[in-house]
Amino acid sequence: MTMPVSSLFNDAFLAVDWGTTNRRVYRIEAGQVVATDRDARGVTAIDKEGFPAEVADIRARFGDLPMLLAGMVGSTIGWRDVPYVATPAGFEALARGLGWIDDRTAIVPGLSVLVDGRADVMRGEEIQLLGAVEAGLVPRDGLLCQPGTHCKWARMEAGVVVDFTTAMTGELFALVRGHGLLSTQLGGDVTANEAFREGVEAGKRRDLSAALFGIRASKLLGQRDDADAASYASGLLIGSDVAVRLEKGAGDVHILSDPSLGGLYAIAVEANGGTPHIVDSHAAFAAGIIALARALGE
(Lines give C-alpha, C1' and ligand atoms only; values in the text may rest on other atoms or scores of the structure.)
Protein backbone atom coordinates (compact mmCIF):
# COMPACT_ATOMS: atom_id res chain seq x y z
CA MET A 1 0.00 0.00 0.00
CA THR A 2 1.24 3.46 -0.85
CA MET A 3 1.97 5.58 2.21
CA PRO A 4 -0.41 8.54 2.54
CA VAL A 5 0.78 12.10 2.10
CA SER A 6 3.02 13.39 4.89
CA SER A 7 0.44 15.92 6.07
CA LEU A 8 -2.07 13.20 7.05
CA PHE A 9 -1.40 13.47 10.80
CA ASN A 10 -0.34 17.13 10.91
CA ASP A 11 -3.64 18.44 12.30
CA ALA A 12 -6.20 16.33 14.13
CA PHE A 13 -5.93 12.55 14.42
CA LEU A 14 -6.89 9.65 16.69
CA ALA A 15 -4.52 7.33 18.56
CA VAL A 16 -5.31 4.07 20.32
CA ASP A 17 -3.13 2.36 22.91
CA TRP A 18 -4.66 -1.08 22.31
CA GLY A 19 -3.60 -3.71 24.82
CA THR A 20 -4.55 -7.30 25.52
CA THR A 21 -7.38 -6.57 27.95
CA ASN A 22 -7.86 -2.78 27.77
CA ARG A 23 -7.51 0.10 25.37
CA ARG A 24 -7.27 3.87 25.63
CA VAL A 25 -8.37 6.22 22.84
CA TYR A 26 -6.94 9.71 22.36
CA ARG A 27 -8.17 12.54 20.14
CA ILE A 28 -5.26 14.82 19.36
CA GLU A 29 -5.51 18.29 17.84
CA ALA A 30 -2.58 20.58 17.06
CA GLY A 31 -0.24 18.49 19.17
CA GLN A 32 -2.52 18.35 22.24
CA VAL A 33 -4.77 15.65 23.70
CA VAL A 34 -8.29 17.11 23.72
CA ALA A 35 -10.26 13.95 24.61
CA THR A 36 -9.49 10.48 25.93
CA ASP A 37 -11.38 7.40 27.07
CA ARG A 38 -10.46 3.97 28.44
CA ASP A 39 -12.48 0.76 28.17
CA ALA A 40 -12.12 -3.02 28.44
CA ARG A 41 -12.22 -3.67 24.68
CA GLY A 42 -8.73 -5.13 24.49
CA VAL A 43 -7.75 -7.35 21.57
CA THR A 44 -8.84 -10.55 23.35
CA ALA A 45 -12.38 -9.19 23.57
CA ILE A 46 -12.65 -8.79 19.78
CA ASP A 47 -12.92 -11.39 17.03
CA LYS A 48 -10.40 -11.12 14.21
CA GLU A 49 -13.14 -9.97 11.85
CA GLY A 50 -14.43 -7.43 14.35
CA PHE A 51 -11.65 -4.85 14.22
CA PRO A 52 -13.00 -2.84 11.25
CA ALA A 53 -16.27 -2.34 13.12
CA GLU A 54 -14.39 -1.36 16.30
CA VAL A 55 -12.36 1.23 14.42
CA ALA A 56 -15.51 2.57 12.77
CA ASP A 57 -17.15 2.89 16.19
CA ILE A 58 -14.14 4.78 17.56
CA ARG A 59 -14.33 7.20 14.64
CA ALA A 60 -18.07 7.61 15.16
CA ARG A 61 -17.45 8.60 18.79
CA PHE A 62 -14.24 10.64 18.49
CA GLY A 63 -14.31 11.95 14.92
CA ASP A 64 -13.79 10.67 11.39
CA LEU A 65 -10.02 11.20 11.47
CA PRO A 66 -6.77 9.46 10.55
CA MET A 67 -5.77 6.89 13.16
CA LEU A 68 -2.57 5.42 14.63
CA LEU A 69 -2.95 2.15 16.54
CA ALA A 70 -0.30 0.90 18.96
CA GLY A 71 0.04 -2.19 21.12
CA MET A 72 -1.22 -5.75 20.79
CA VAL A 73 -3.55 -4.77 17.95
CA GLY A 74 -0.49 -5.33 15.74
CA SER A 75 0.29 -8.80 17.11
CA THR A 76 -0.65 -12.35 16.16
CA ILE A 77 -3.66 -12.10 18.51
CA GLY A 78 -4.67 -8.67 17.19
CA TRP A 79 -5.95 -7.26 13.92
CA ARG A 80 -2.84 -7.72 11.81
CA ASP A 81 0.62 -9.07 12.64
CA VAL A 82 2.96 -6.15 11.87
CA PRO A 83 6.69 -7.06 11.79
CA TYR A 84 8.81 -5.76 14.66
CA VAL A 85 11.51 -3.13 14.18
CA ALA A 86 14.90 -4.22 15.55
CA THR A 87 16.65 -2.13 18.18
CA PRO A 88 18.28 0.33 18.36
CA ALA A 89 15.25 2.29 17.19
CA GLY A 90 13.56 5.66 17.50
CA PHE A 91 10.60 7.39 15.92
CA GLU A 92 12.04 7.38 12.40
CA ALA A 93 12.41 3.58 12.45
CA LEU A 94 8.86 3.16 13.76
CA ALA A 95 7.52 5.46 11.06
CA ARG A 96 9.20 3.37 8.35
CA GLY A 97 7.79 0.18 9.85
CA LEU A 98 4.14 1.20 10.14
CA GLY A 99 1.63 -1.38 8.93
CA TRP A 100 -0.99 0.43 6.84
CA ILE A 101 -4.53 -0.96 7.00
CA ASP A 102 -5.81 1.65 4.56
CA ASP A 103 -4.75 5.12 3.45
CA ARG A 104 -5.50 6.70 6.83
CA THR A 105 -5.22 3.87 9.37
CA ALA A 106 -1.84 2.48 10.46
CA ILE A 107 -0.48 0.12 13.14
CA VAL A 108 2.76 0.86 15.01
CA PRO A 109 5.20 -2.06 14.58
CA GLY A 110 6.70 -2.60 18.05
CA LEU A 111 10.35 -3.45 18.79
CA SER A 112 12.49 -6.58 18.98
CA VAL A 113 15.84 -7.65 20.40
CA LEU A 114 17.89 -10.62 19.19
CA VAL A 115 21.41 -10.58 20.65
CA ASP A 116 23.61 -13.60 21.43
CA GLY A 117 20.61 -15.92 21.32
CA ARG A 118 18.49 -13.73 23.62
CA ALA A 119 15.16 -12.79 22.04
CA ASP A 120 12.64 -10.24 23.29
CA VAL A 121 9.73 -8.21 21.92
CA MET A 122 7.43 -5.36 22.90
CA ARG A 123 4.32 -3.73 21.43
CA GLY A 124 2.99 -0.40 22.64
CA GLU A 125 5.59 0.20 25.32
CA GLU A 126 7.98 1.66 22.75
CA ILE A 127 5.69 4.66 22.30
CA GLN A 128 5.81 5.35 26.04
CA LEU A 129 9.58 4.93 26.22
CA LEU A 130 10.36 7.25 23.34
CA GLY A 131 7.58 9.65 24.38
CA ALA A 132 8.98 9.99 27.88
CA VAL A 133 12.27 11.16 26.38
CA GLU A 134 10.50 13.41 23.88
CA ALA A 135 8.52 15.12 26.64
CA GLY A 136 11.58 15.58 28.83
CA LEU A 137 10.12 13.31 31.51
CA VAL A 138 13.26 11.15 31.52
CA PRO A 139 16.87 11.68 30.39
CA ARG A 140 18.03 10.64 26.93
CA ASP A 141 20.35 8.04 28.49
CA GLY A 142 19.23 5.77 31.28
CA LEU A 143 17.24 2.81 32.60
CA LEU A 144 13.45 2.88 32.26
CA CYS A 145 11.02 0.44 33.89
CA GLN A 146 7.42 -0.25 32.84
CA PRO A 147 5.72 -2.40 35.51
CA GLY A 148 2.79 -4.58 34.59
CA THR A 149 1.79 -8.11 33.67
CA HIS A 150 4.99 -8.29 31.64
CA CYS A 151 7.41 -5.75 33.09
CA LYS A 152 9.71 -4.03 30.59
CA TRP A 153 13.20 -2.80 31.45
CA ALA A 154 14.64 -0.61 28.68
CA ARG A 155 18.03 0.94 28.18
CA MET A 156 17.92 4.30 26.43
CA GLU A 157 20.91 5.90 24.72
CA ALA A 158 20.81 9.21 22.85
CA GLY A 159 17.02 9.14 23.09
CA VAL A 160 16.45 5.79 21.37
CA VAL A 161 15.75 2.28 22.69
CA VAL A 162 18.97 0.27 22.41
CA ASP A 163 18.04 -2.81 24.46
CA PHE A 164 15.28 -4.16 26.70
CA THR A 165 14.26 -7.14 28.82
CA THR A 166 10.78 -8.44 29.62
CA ALA A 167 10.07 -10.05 33.00
CA MET A 168 6.78 -11.94 33.56
CA THR A 169 6.56 -10.55 37.10
CA GLY A 170 2.89 -9.59 37.13
CA GLU A 171 1.78 -12.74 35.35
CA LEU A 172 3.69 -14.97 37.79
CA PHE A 173 1.98 -13.23 40.70
CA ALA A 174 -1.43 -13.73 39.08
CA LEU A 175 -0.68 -17.41 38.47
CA VAL A 176 0.44 -18.24 42.02
CA ARG A 177 -2.47 -16.18 43.38
CA GLY A 178 -5.04 -17.92 41.22
CA HIS A 179 -3.82 -21.51 41.10
CA GLY A 180 -1.91 -24.09 43.07
CA LEU A 181 -0.78 -24.49 46.66
CA LEU A 182 -0.64 -20.82 47.63
CA SER A 183 -3.89 -19.64 46.06
CA THR A 184 -5.93 -19.87 49.27
CA GLN A 185 -3.36 -17.72 51.12
CA LEU A 186 -2.97 -14.87 48.63
CA GLY A 187 -6.45 -13.36 48.59
CA GLY A 188 -5.53 -10.25 50.55
CA ASP A 189 -4.75 -6.82 49.12
CA VAL A 190 -1.18 -5.93 48.19
CA THR A 191 0.02 -2.93 50.14
CA ALA A 192 3.41 -1.32 50.71
CA ASN A 193 3.58 -2.68 54.25
CA GLU A 194 6.32 -4.38 56.24
CA ALA A 195 5.45 -7.78 54.71
CA PHE A 196 5.97 -6.34 51.22
CA ARG A 197 9.36 -4.97 52.26
CA GLU A 198 10.31 -8.32 53.78
CA GLY A 199 9.43 -9.92 50.47
CA VAL A 200 11.64 -7.42 48.62
CA GLU A 201 14.55 -8.34 50.87
CA ALA A 202 13.93 -12.06 50.28
CA GLY A 203 13.75 -11.37 46.55
CA LYS A 204 17.33 -10.14 46.59
CA ARG A 205 18.42 -13.77 47.03
CA ARG A 206 16.53 -14.67 43.82
CA ASP A 207 15.70 -18.19 45.00
CA LEU A 208 12.07 -17.82 43.97
CA SER A 209 10.83 -21.40 44.03
CA ALA A 210 12.11 -21.95 47.57
CA ALA A 211 10.97 -18.55 48.80
CA LEU A 212 7.46 -19.10 47.44
CA PHE A 213 7.13 -22.38 49.29
CA GLY A 214 8.28 -20.50 52.37
CA ILE A 215 4.94 -18.66 52.29
CA ARG A 216 3.22 -21.99 52.94
CA ALA A 217 5.68 -22.97 55.64
CA SER A 218 5.37 -19.59 57.38
CA LYS A 219 1.63 -20.11 57.72
CA LEU A 220 2.00 -23.63 59.12
CA LEU A 221 4.59 -22.51 61.68
CA GLY A 222 2.74 -19.35 62.67
CA GLN A 223 5.32 -16.93 61.29
CA ARG A 224 3.09 -14.82 59.02
CA ASP A 225 -0.63 -14.17 58.88
CA ASP A 226 -2.39 -14.85 55.57
CA ALA A 227 -3.58 -11.23 55.56
CA ASP A 228 0.02 -10.28 54.72
CA ALA A 229 0.82 -13.19 52.42
CA ALA A 230 -0.16 -11.43 49.18
CA SER A 231 1.97 -8.39 50.02
CA TYR A 232 4.92 -10.63 50.85
CA ALA A 233 4.56 -12.62 47.62
CA SER A 234 4.32 -9.44 45.55
CA GLY A 235 7.40 -8.04 47.27
CA LEU A 236 9.25 -11.27 46.65
CA LEU A 237 8.56 -11.27 42.91
CA ILE A 238 9.09 -7.54 42.39
CA GLY A 239 12.18 -7.61 44.58
CA SER A 240 13.73 -10.44 42.59
CA ASP A 241 12.98 -8.68 39.31
CA VAL A 242 14.54 -5.41 40.48
CA ALA A 243 17.55 -7.11 42.07
CA VAL A 244 18.50 -8.73 38.77
CA ARG A 245 18.25 -5.45 36.83
CA LEU A 246 20.37 -3.52 39.36
CA GLU A 247 22.96 -6.20 40.11
CA LYS A 248 25.57 -4.48 37.92
CA GLY A 249 25.16 -1.17 39.70
CA ALA A 250 22.34 0.97 40.99
CA GLY A 251 21.43 4.45 39.84
CA ASP A 252 18.43 6.39 38.63
CA VAL A 253 15.49 4.23 37.52
CA HIS A 254 12.58 5.98 35.82
CA ILE A 255 9.35 4.04 36.40
CA LEU A 256 6.58 4.62 33.84
CA SER A 257 3.48 3.67 35.79
CA ASP A 258 0.53 4.74 37.89
CA PRO A 259 1.51 5.81 41.42
CA SER A 260 0.18 2.61 43.06
CA LEU A 261 2.16 -0.03 41.15
CA GLY A 262 4.99 2.41 40.52
CA GLY A 263 5.25 2.99 44.26
CA LEU A 264 5.81 -0.72 44.90
CA TYR A 265 8.62 -0.81 42.35
CA ALA A 266 10.07 2.38 43.84
CA ILE A 267 10.38 0.64 47.22
CA ALA A 268 12.22 -2.27 45.59
CA VAL A 269 14.53 0.06 43.65
CA GLU A 270 15.46 1.93 46.83
CA ALA A 271 16.03 -1.36 48.67
CA ASN A 272 18.54 -2.31 45.97
CA GLY A 273 20.41 0.99 46.21
CA GLY A 274 18.76 2.76 43.28
CA THR A 275 16.96 6.09 43.04
CA PRO A 276 13.41 5.75 41.68
CA HIS A 277 11.52 8.40 39.69
CA ILE A 278 7.83 7.73 38.88
CA VAL A 279 6.69 9.03 35.48
CA ASP A 280 3.13 9.39 34.15
CA SER A 281 2.86 6.61 31.56
CA HIS A 282 -0.24 8.13 29.90
CA ALA A 283 1.54 11.45 29.39
CA ALA A 284 4.50 9.54 27.95
CA PHE A 285 2.26 7.68 25.46
CA ALA A 286 0.58 10.88 24.33
CA ALA A 287 3.93 12.60 23.80
CA GLY A 288 5.23 9.57 21.93
CA ILE A 289 2.32 9.15 19.54
CA ILE A 290 2.35 12.90 18.76
CA ALA A 291 6.10 12.74 18.05
CA LEU A 292 5.57 9.68 15.81
CA ALA A 293 2.89 11.55 13.87
CA ARG A 294 5.32 14.45 13.47
CA ALA A 295 8.04 12.06 12.24
CA LEU A 296 5.72 10.95 9.43
CA GLY A 297 5.75 14.48 8.09
CA GLU A 298 9.52 14.88 8.10
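Structure: see above.
I will try to describe carefully the structure that is included in this document. Since the structure is predicted, the reported quantities are computational estimates derived from the model, not experimental observations. (Residues numbered from 1 in each chain as written. Predicted model: local features only at pLDDT ≥ 70, side-chain atom pairs only at ≥ 80, totals over all residues. Heavy atoms only, no water.)

Brief notes about the nonpolar core
Residues L68, I289 and L292 are the most contacted members of the largest nonpolar core, which totals 43 residues. Examining the composition of this core, we find that 10 residues originate from one element, helix α9 (residues 281-296), more than from any other. L68 has contacts with F9, F13, L14, A15, V16, L98, A106, I289, L292, A293 and L296, leaving out every residue within four places of it along the chain. Among the nonpolar cores identified, the runner-up in size contains 19 residues, and I58, L65, M67 and I101 belong to it. (Core = buried A, V, L, I, M, F, W, Y, C linked by side-chain atoms within 4.5 Å. Buried < 20%, exposed > 50% of the residue type's maximum accessible area, 1.4 Å probe, protein only. Helix = DSSP H or I, 4+ residues; strand = E, 2+ residues; numbered from the N terminus. Contact = heavy atoms within 4.5 Å.)

Side note on α9
Think of an α-helix as turning once every 3.6 residues; residues three or four places apart then point the same way. Along its 16 residues, α9 runs 23 Å from first to last C-alpha, staying within 8% of the 22 Å computed at 1.5 Å per residue. Of all 16 residues making up α9, 13 are buried, and the element is well covered by its neighbours. Capping the start of α9 is the job of one residue whose side-chain oxygen sits 2.9 Å from the backbone nitrogen of H282: D280. (Expected span 1.5 Å × (residues − 1). Polar contact = N/O pair within 3.5 Å; in protein donor to acceptor, adjacent residues only side chain to side chain.)

Some thoughts on the packing of helix α5 (residues 194-203) against helix α8 (residues 259-271)
Helix packing for two helices is described by the angle between their axes and how far apart those axes are. For the pair α5 and α8, the least separation of the axes is 10 Å and the interaxial angle reads 50°. When the axes of α5 and α8 are compared, the pair comes out oblique. α5 and α8 meet at a crossing whose hand is right-handed. Of the residues in α8, those touching α5 at F196, R197, V200 and E201 are L264, I267, A268 and A271. (Axes fitted to C-alpha atoms, helices over the stretch in contact; angles between N-to-C directions. Parallel < 35°, antiparallel > 145°, perpendicular 65-115°, else oblique. Left-handed = near helix turned anticlockwise from the far one by under 90°.)

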